[in-house]
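The primary structure of each chain is shown beneath.
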Amino acid sequence: MTRQRTTVILAALALASCRTPETPSSPNRNRQMTTIPGYAYGSSQLPHSPITLAEFELLKQSVLLTDDDLTALRMSRPILEPQVEAILDVWYGFVGSTPHLLKYFENVPRGVPDGDYLAAVRKRFGRWILDTAAGNYDQSWLDYQHEIGLRHHTTKKNRTDNVQSQPIIHLRYLVALVYPITATLKPFLEKGDHDAAQVDRMHQAWIKSVLLQVILWSYPYVRDGEF
Ligand code: HEM
């Protein structure tokens, strides 16, 4: 990698590290928040997910996500909330230092990472950590999962932030990132006051939830009738 390119990447990451505004304290408050551009969880404009709640239940059973996991996720929320920016630093650090992943944030006409795009997505990503940990996986959560899938897919990528970037995030990388995203979360869970067994319980719940979400996000990538 050339020095100039490295400088551009570092500049993009620096731009992207602006702080996530306002931290919600409950799932209900989450839904009323409109301060993050493009964050549409709970919006009445959002169409229903093509997955029914009954199908979602079967999917939850298939990844062994139980009520106990939802309780463990909620337990993780106050631990993770003050660490959101530090977690994002790790995840963005990984994407930023992995050229074939950073490419998906490229401003295509200029051939460099789009710092504004990175920063805009980062704010929604921070909120996603809290929404995942809220463990309130109802119809409106399901609807927003579908929207997030569309935003990774050609259907809606780049539209929320009005950017000229790569048209799709390839499905293989969505699935691949389940591992780094969940593995790197464990040290943050360990910073709470819980023993190793409880940390493991929260960590397992996170692995199941992220996997479940990526499965939901894969819907637009799969041919009709094959999901
Ligand atoms: C487990 C895997 C992944 C998770 C948990 C994840 C999480 C998220 C979240 C929460 C958002 C914001 C959704 C919103 O608009 O509210 C987002 C958007 C985005 N993610 Fe991912 N992501 C994953 C995989 C990837 C991969 C592999 C890439 C490739 C570098 C990527 C690049 C992006 C981009 C470019 C956007 C913005 C899309 C747009 O609206 O234009 N993501 N992601």
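Cut-offs used in this document
Residues numbered from 1 in each chain as written. Predicted model: local features only at pLDDT ≥ 70, side-chain atom pairs only at ≥ 80, totals over all residues. Core = buried A, V, L, I, M, F, W, Y, C linked by C-beta atoms within 7 Å. Buried ≥ 20, exposed ≤ 12 C-beta atoms within 10 Å, placed from the backbone. Helix = DSSP H or I, 4+ residues; strand = E, 2+ residues; numbered from the N terminus. pLDDT = per-residue confidence, 0-100. Contact = placed C-beta atoms within 7 Å. Axes fitted to C-alpha atoms, helices over the stretch in contact; angles between N-to-C directions. Parallel < 35°, antiparallel > 145°, perpendicular 65-115°, else oblique. Left-handed = near helix turned anticlockwise from the far one by under 90°.

Novice: What's the story with the nonpolar core in this structure? I'm lost.
Specialist: In terms of nonpolar packing, the biggest core is built from 16 residues, with A133, M202 and W206 touching the most fellow members. Of all the elements, helix α12 (residues 196-217) adds the most residues to this core, at five residues. Core analysis: the next-biggest nonpolar cluster, separate from the first, contains eight residues, F105, Y117, L118 and A120 among them.

Novice: Hey, could you run me through the confidence of the model for the chain in this one?
Specialist: Low-pLDDT portions of the prediction should not be read for the details of their coordinates. Put simply, the chain has an average pLDDT of 90, and 85% of its residues get 70 or more. A low-confidence stretch, residues 1-33 stays under pLDDT 50, and its non-local contacts, those more than four residues away or across chains, total 46 contacts.

Novice: Looking at this structure, how should I read unusual backbone geometry?
Specialist: Only a minority of non-glycine residues have a phi that is not negative, and only a minority of peptide bonds are not trans. Of note, L64 is a non-glycine position whose phi angle comes to about 60°, a positive value. Inspection of the secondary structure assignment puts L64 in the loop between α3 (53-62) and α4 (67-80). Its identity is not glycine, yet N162 carries a phi of approximately 50°, on the positive side. For N162, the location among the structural elements is in the loop between α8 (139-152) and α9 (171-176). A count of 11 C-beta atoms within 10 Å places N162 in the exposed class.

Novice: What is the right way to look at the packing of helix α5 (residues 84-96) against helix α7 (residues 115-134) in this model?
Specialist: Packed helices, taken two at a time, are described by the angle their axes make and the gap between the axes. For the pair α5 and α7, interaxial distance at closest approach is 10 Å and the crossing angle is 120°. In terms of axis orientation, α5 runs oblique to α7. Crossing handedness for the pair α5 and α7: right-handed. Across the interface between the two elements, V84, I87, L88 and Y92 of α5 pack against R122, F125, G126 and I129 of α7.

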